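Spelled out from the first residue to the last, the chains are:
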Amino acid sequence: MRKILINGNKRLEGEVQISGAKNAALAILAATILVPGKITIRNVPNLLDVITFIRVLRALGIRAEYSGSQPNTVEVWNDNVKHVAPYELVTKMRASFFVIGPILARKGLAKIPLPGGCAIGSRPVNLHIKGLEVLGATVKMEHGFVIVSASKLKGGKVYLDFPSVGATESIMMAATLAEGETIIENAAQEPEIVDLANFLNKAGGRVSGAGTEEIRIRGVTQLSPLEYKIIADRIEAGTYMTAAAITKGDVLVKGIQPEFIEATTRKLQEAGVKIQIKNDEVRVSAINGLRATDIKTMPYPGFPTDMQSQFTSLLCLARGTSVVTETVFENRFMHVPELNRMGAEIKLEGQSAIVNGVGVLSSAPVKVSDLRAGAALIVAGLAARGETTIEDRDHHIERGYENLKGKLSGLGADIKLL
Ligand code: UD1
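- The chain is annotated in an unreviewed UniProt entry as UDP-N-acetylglucosamine 1-carboxyvinyltransferase from candidate division WOR-1 bacterium RIFCSPLOWO2_02_FULL_46_20.
- Per UniProt, the chain carries the Catalytic activity (unreviewed entry) text "phosphoenolpyruvate + UDP-N-acetyl-alpha-D-glucosamine = UDP-N-acetyl-3-O-(1-carboxyvinyl)-alpha-D-glucosamine + phosphate".

Structure follows, in structure tokens:
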């Protein structure tokens, strides 16, 4: 789809089932490179990013496909792995760079193009490289490729200057087949890191401390085939919660781990939204008006950068002035000029957006620059008066939201895809 039309100003009501976590699926697909034999992964969302990653695995000589008989299941048969990842695919999606650690661990050599991805800053890979160097790899840059080699990886102590999700994952995967113990200090603590650790451990790896700032990995000589079910997508859940709140709706968000979305839940409560949590469900209702609140993005367990843009849309309709500060990425306010086209009053000052609440948003033609900016425009379009046309030429939204039209229509939204 290249265009989404939303006839807004309709209250969302009903239930929505959350899909598997995109970011966990991508990390775990990368980790299949470490495991010889057949691997079955369940609860994999059917998304463009996952399809791109499956293509990366195939280009590496691995058989990988969505199961024909079981929904949201990907099967991987991994007998032989090539060491060169294709330029066209890796530059399309940053997460495909994460194959560098497992290919190096499995083959002793990996040649991976420098990545692409969302247009949200320069997004370097120095921390991935630093970690692999500590494990004994030699690193060269040639013609846009990173070439890493090591006859045998050896455990070591890696301190990450920033708790990068991708770097923590690359190093964890490489260290799983290294000799001896690796310690990652100042590691990322995101739930997707814990899910990757659980996958590796179920395959016979020895990872402890995932979900804290110090992860220890004891190397093993080989991993074994397995079946694994990935966790729910906390960002998809947060997006539907925000959509419910901005439309003054009443929505039951199902199939999630509520403890993983605590920062989003708390901020919605601060904005005047009623939240009721029961087991794996969260009910979001927003009968009273929204209040301004400040947010600052941080690594987990802080407020997720991947929820910043959707929350900015919500704050456009909150009474008072909110300050949204982005500390994780350097250029993640591309949705702001588009929201202003819809009648929002947002001023950018360095790494902060000053949001003055307005009474209404009105429809306008707007453009998507990256995945979560697209989600922000959908959230805004759901509340805006009139028909908003969201142009998404590069299919960013399909990268991260499974069955968007079906799920939103099921909640009473008027949405068309062209
Ligand atoms: C992952 C998520 C993405 C999310 C982000 C932060 C996946 C597939 N994507 O991306 O949705 O927005 O975490 O929660 O899981 N950095 C460096 N050097 C590096 C690596 C990162 O300086 O080697 C910087 C980045 O430029 C950025 C910050 O660290 O400013 C966070 O990036 P990181 O946590 O690595 O994000 P990703 O793993 O790419």
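Notes on the site of the ligand
Phase 1: Taken together, 19 residues are adjacent to the ligand, and Arg-94, Asn-126, Ser-164, Asp-306 and Val-328 come closest.
Phase 2: A distance of 2.8 Å is found between an oxygen atom of the ligand and a backbone nitrogen or oxygen belonging to Val-165.
Phase 3: Here an oxygen atom of the ligand sits 2.8 Å away from a polar atom, N or O, in the main chain of Gly-166.
Phase 4: Coverage of the ligand by the protein amounts to 88% of the 740 Å² it exposes when considered alone.
Phase 5: The set of elements that each furnish at least two residues to the shell around the ligand consists of α5 (126–134) and α6 (165–176).
Phase 6: Residue contributions to the shell around the ligand peak at three residues, all from α5.
Phase 7: Of the residues that constitute the shell around the ligand, the class distribution is nine nonpolar, six polar and four charged.
Phase 8: Each of two domains, domain 1 (3–18 + 232–417) and domain 2 (22–229), supplies a minimum of three residues to the shell around the ligand.

Observations regarding the domain arrangement of the chain
Phase 1: One can read the domain layout of the chain as domain 1 (3–18 + 232–417) and domain 2 (22–229).
Phase 2: Each of domain 1 and domain 2 has a C-alpha centre, and the two are 30 Å apart.
Phase 3: With 24 residues of domain 1 in contact, the opposing surface of domain 2 contributes 22 residues.
Phase 4: Summed over both partners, the interface of domain 1 with domain 2 buries about 1900 Å², with 56% contributed by carbon and sulfur atoms.
Phase 5: Taken together, the connections running from domain 1 to domain 2 amount to two salt bridges.
Phase 6: Summed over the shared surface of domain 1 and domain 2, the number is seven residue pairs in polar contact (both at pLDDT 80 or more).
Phase 7: For the side of domain 1 that touches domain 2, the class distribution of residues is ten nonpolar, four polar and ten charged.

Topic: the sheet that holds strand β10 (residues 181–185)
Phase 1: In space, the four strands of this open sheet follow the order β9-β10-β12-β11, with mixed pairing throughout. Among the strands making up the open sheet, the edge pair consists of β9 (157–159) and β11 (206–208). The sheet shows a mean angle of 15° between the axes of neighbouring strands, direction not considered.
Phase 2: Note that β9 and β10 share three bridges and pair parallel. When the sheet's bridge partners are listed, Tyr-159 is paired in β10 with Glu-185.
Phase 3: Sitting on the sheet, α6 is in contact with β9, β10, β11 and β12 (214–218), with an inclination near 25° to β12.

The rules we used
- Numbering of residues begins from 1 in every chain and follows the order in which that chain's sequence is written.
- Two thresholds apply to this predicted model, a pLDDT of at least 70 for residue-level local features and 80 or more for giving and counting side-chain atom pairs, whereas whole-chain, interface and lining totals are computed over all residues.
- Hydrogen atoms and water are omitted, and side-chain values are computed over all heavy atoms in the structure.
- UniProt positions are given in the numbering used here, feature names are shortened, and annotations may be inferred rather than shown by experiment.
- Being near a molecule or strand, for a residue, comes down to having at least one heavy atom within 4 Å of it.
- What qualifies as a polar contact is a pair of N or O atoms within 3.5 Å, subject to a donor-acceptor requirement within protein and to the restriction that residues adjacent in sequence count only when both atoms come from side chains.
- Here the accessible surface of atoms and residues is derived via Shrake-Rupley with a 1.4 Å probe, and residues count as covered only by protein chains that are part of the display.
- Secondary structure elements are defined from DSSP: runs of H or I of at least 4 residues count as helices, runs of E of at least 2 residues count as strands, and each element is numbered from the N terminus.
- Each residue is assigned to one class: nonpolar for Ala, Val, Leu, Ile, Met, Phe, Trp, Tyr, Cys and Pro, charged for Asp, Glu, Lys and Arg, and polar for all the others, Gly among them.
- Each domain's extent is set by a domain assignment, obtained either automatically or from a database.
- Note on definitions: a residue-residue contact is assigned when non-hydrogen atoms from the two residues lie within 4.5 Å.
- Accessible area that two parts lose when put together, evaluated with a 1.4 Å probe and summed over both, is termed the buried area.
- Any Lys or Arg side-chain nitrogen found within 4 Å of a carboxyl oxygen on Asp or Glu counts as a salt bridge.
- Strand pairing is defined by DSSP finding a minimum of two bridges between the two strands.
- To define axes, lines are fitted to C-alpha atoms, for helices over the stretch in contact only, and angles between the resulting N-to-C directions are given on a 0 to 180 degree scale.

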